Amino acid sequence: MELIQETPDLSAYLAAYEAIDHHHPLVRETAARLAKGAADSYGYAQAAYEFVRDTIPHSQDAGDPRVTWRASDVLEQRTGICHAKAHALTALLRADDIPTALCYQSLAHDDGGGHVVHGLVAVRFNGAWHRQDCRGNKPGVDARFSLDGERLAWIPDPESSEMDYPVLYAEPHPAVLRALKAAPDRPHLWKTLPTAL
């Protein structure tokens with residue numbers, strides 16, 4: 001699948017937005033801490049990815065009812081669904097001047113009823129975009145940071161009408177952000193997340 005930038009302006013993938021608040025002190029502090037142990041931008045990107053994947057539990061996996069959507073809130077509250085965690089990773093990567101996009105998949109819902117939009121990021125290295133999934137591993141899910149072939153949580157099954165969306169967004173898709181911001185808790189969010197983009 002060919003990934004398509006929503007905007008040709010690469011600087012849009014470094015910019016701050018409402019949900020990608022990489023100028024926030026907590027984002028900056030976290031980025032600086034992660035950068036200390038990294039030899040280069042690639043090492044930093046992997047460290048940031050693993051930090052978000054492994055130290056911020058996916059709220060569904062953890063049974064946490066809180067809904068976060070802004071990167072700094074995800075880092076502060078240490079919880080979020082895939083979209084929120086993608087916002088946090090995007091902010092951390094952009095804080096180190098690594099172009100990062102938000103991208104999406106349509107996957108069959110866990111409860112077997114319909115589909116739900118799943119959030120990922122794509123990082124730009126060596127003139128190409130590479131998708132990463134920081135939702136958090138669990139039994140049956142083994143996502144890893146990789147610039148050499150995708151290691152995502154899920155590969156969409158076309159027979160189940162699952163799909164990858166090729167568009168790379170500079171800021172969260174409006175339908176996703178609306179659902180996150182309006183949800184009083186995660187059970188409500190599960191009913192209102194978009195089923196398609």
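Before reading on, note that the structure itself is shown above.
Everything in this summary refers to the structure shown in the same document.

### Describing the packing of helix 1 (residues 25-36) against helix 2 (residues 41-55)
Okay, step 1: Across the interface, helix 1 lies against helix 2 with an axial gap of 9 Å and an inter-helix angle of 120°. Relative to helix 2, the element helix 1 lies oblique. For the crossing formed where helix 1 meets helix 2, the hand is right-handed. Contact with helix 1, carried on its side by T30, A31, R33, L34 and A35, involves Y44, A47, A48 and F51 of helix 2 and no other residues of that element.
Okay, step 2: Looking at the contact of helix 1 with helix 2 residue by residue, the class counts come to seven nonpolar, one polar and one charged.

### Overview of the environment of Q132
Okay, step 1: Residue placement: Q132 occurs in strand 4 (residues 128-132).
Okay, step 2: Sequence spacing of Q132 and E150 is 18 residues, and the spatial spacing of their C-alpha atoms is 7.2 Å.
Okay, step 3: Residues contacting Q132, with those up to four places away along its chain left out, are Y49, L120, V121, V123, R144, F145, S146, L147 and L152.
Okay, step 4: Among the polar contacts made by the side chain of Q132, one reaches the main-chain carbonyl oxygen of S146 at a distance of 2.8 Å.

### So, the nonpolar core
Across soluble globular proteins, nonpolar side chains have a tendency to be buried as a group.
Okay, step 1: Grouped together as the largest cluster of nonpolar side chains are 47 residues, with contacts concentrated most on Y44, L89, L92 and L93.
Okay, step 2: Looking at this core, the elements with two or more residues in it are helix 1, helix 2, helix 4 (71-77), helix 5 (82-95), strand 2 (100-108), strand 3 (115-125) and helix 6 (174-182).
Okay, step 3: With eight residues, helix 5 is the single largest residue contributor to this core.
Okay, step 4: In contact with L92, not counting residues within four places along its chain, are V27, T30, A31, L34, Y44, A48, F51, V52 and L75.

### A look at helix 5
Okay, step 1: Compared with an ideal rise of 1.5 Å per residue, which puts 14 residues at 20 Å, helix 5 spans 20 Å between its outermost C-alpha atoms and is within 8% of the ideal.
Okay, step 2: Extensive coverage of helix 5 is indicated by the burial of 14 of its 14 residues.
Okay, step 3: At the exit of helix 5 stands D97, carrying a positive phi of roughly 60°.

### A closer look at the sheet that holds strand 3
Okay, step 1: A sheet is described by the order of its strands in space; here four strands give the open sequence 4-3-2-5, paired in antiparallel fashion. Whereas interior strands pair on both sides, the edge strands pair on one side only; in this sheet they are strand 4 and strand 5 (163-164).
Okay, step 2: As judged from the nine bridges shared by strand 2 and strand 3, these two strands associate in the antiparallel manner. Its bridge partner lying in strand 3, T100 is registered against V123.

### Things to note about unusual backbone geometry
Okay, step 1: Of note in the backbone geometry, R78 takes a positive phi value of approximately 55° without being a glycine.
Okay, step 2: Note on placement: R78 falls in the loop between helix 4 and helix 5.
Okay, step 3: A positive phi angle, close to 60°, is found at S161, a residue other than glycine.
Okay, step 4: Given a relative accessible area of 52%, S161 falls into the exposed group.

### So, the packing of helix 2 against helix 5
Okay, step 1: Closest axis-to-axis distance for the helix 2/helix 5 pair is 10 Å, and the angle between their directions is 155°. As the angle between them shows, helix 2 and helix 5 are arranged roughly antiparallel. Note on packing geometry: the crossing formed by helix 2 with helix 5 is right-handed. Two secondary-structure elements touch here, helix 2 through Y44, A45, A48, Y49, F51, V52 and R53 and helix 5 through K85, L89, L92 and L93.
Okay, step 2: Split by residue class, the contact of helix 2 with helix 5 holds nine nonpolar, no polar and two charged.

### Some details on the packing of aromatic side chains
Okay, step 1: Enumeration over the complete set of coordinates arrives at five aromatic pairs.
Okay, step 2: Site record: aromatic cluster; members linked through ring pairs are Y42, Y49, F125 and F145.
Okay, step 3: Over the face of the ring belonging to W69 we find K181, whose NZ or CZ atom lies 5.0 Å from the ring centre.
Okay, step 4: The ring of W190 has R186 sitting right over it, with the charged end atom 5.9 Å from the ring centre.

Parameters at a glance
Residues numbered from 1 in each chain as written. Predicted model: local features only at pLDDT ≥ 70, side-chain atom pairs only at ≥ 80, totals over all residues. Heavy atoms only, no water. Axes fitted to C-alpha atoms, helices over the stretch in contact; angles between N-to-C directions. Helix = DSSP H or I, 4+ residues; strand = E, 2+ residues; numbered from the N terminus. Parallel < 35°, antiparallel > 145°, perpendicular 65-115°, else oblique. Left-handed = near helix turned anticlockwise from the far one by under 90°. Contact = heavy atoms within 4.5 Å. Nonpolar A, V, L, I, M, F, W, Y, C, P; charged D, E, K, R; others polar. Polar contact = N/O pair within 3.5 Å; in protein donor to acceptor, adjacent residues only side chain to side chain. Core = buried A, V, L, I, M, F, W, Y, C linked by side-chain atoms within 4.5 Å. Buried < 20%, exposed > 50% of the residue type's maximum accessible area, 1.4 Å probe, protein only. Expected span 1.5 Å × (residues − 1). Pairing = 2+ DSSP bridges. Phe/Tyr/Trp six-rings, centres within 6.5 Å; stacked < 30°, edge-to-face > 60°. Lys NZ or Arg CZ within 6 Å of the ring centre and 35° of its normal.

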